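Chain and residue survey
Spelled out from the first residue to the last, the chains are:
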Amino acid sequence: MLPLKQLHQKYPSASSWSFGDSPELADELARKEGEGDLSLSYWRKEHQNFFEREGTYSENMELVFEEFELIETE
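Our subject in this report is the structure included herewith. In this text the structure is predicted, and so the values were computed from the model without any measurement.

Definitions and cut-offs
Residues numbered from 1 in each chain as written. Predicted model: local features only at pLDDT ≥ 70, side-chain atom pairs only at ≥ 80, totals over all residues. Heavy atoms only, no water. Helix = DSSP H or I, 4+ residues; strand = E, 2+ residues; numbered from the N terminus. Buried < 20%, exposed > 50% of the residue type's maximum accessible area, 1.4 Å probe, protein only. Contact = heavy atoms within 4.5 Å. Areas by Shrake-Rupley, 256 points an atom, 1.4 Å probe, with all protein chains shown as cover. Core = buried A, V, L, I, M, F, W, Y, C linked by side-chain atoms within 4.5 Å. Phe/Tyr/Trp six-rings, centres within 6.5 Å; stacked < 30°, edge-to-face > 60°.

1. Quick word on the overall build of the protein chain
- Along the backbone of the protein chain there are three helices and two strands.
- Sequence-ordered secondary structure for the protein chain, helices as α and strands as β, is α-β-α-α-β.
- A buried classification covers 22% of the 74 residues belonging to the protein chain.
- Taking the intrachain contacts of the protein chain between residues at least 6 apart in sequence as the baseline, contacts between residues at least 24 apart amount to 61%.
- Summed over its atoms, the accessible surface of the protein chain is roughly 5800 Å², and 48% of this surface lies on carbon and sulfur atoms.

2. A word on the nonpolar core
- With eight residues, the main nonpolar core is built from F19, A26, A30, L40, W43, F51, M61 and L63.
- Counting residues per element, the ones that place at least two in this core are α2 (26–33) and α3 (40–54).
- For this core, the element with the highest residue contribution is α3, accounting for three residues.
- Those residues in contact with F19, other than ones at most four positions away along the chain, are W43, R44, H47, Q48, Y57, S58, E59, M61 and L63.

3. Topic: the environment of A30
- Its location among the elements puts A30 in helix α2.
- For the pair formed by A30 and Y42, sequence separation is twelve residues and the distance between their alpha carbons is 8.4 Å.

4. Regarding the packing of aromatic side chains
- Across all of its chains, the model carries one aromatic pair by this definition.
- Considering the side-chain rings of F50 and F51, the 5.1 Å spacing of their centres and the 75° angle between planes classify their relative orientation as edge-to-face.

5. A few points about unusual backbone geometry
- One non-glycine residue, L38, lies in the positive phi region at around 70°.
- One can find L38 in the loop between α2 and α3.

Okay, here's the thing in structure tokens:
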């Protein structure tokens, strides 16, 4: 993964944090993903389960979230 500074230069709209942190945006980002009951607790539990199955889970792992805006449809 790119270092955080490079990531923000390349993708300025990206948000990032450590899994164990709860940034202000976390509740909103969990809802935007649209999974389960849309809560942060559901999001954390399911993503932790996923990363544990992958063998990559850590409370300190860096998470990156980027939103895209649809600007044109056919």
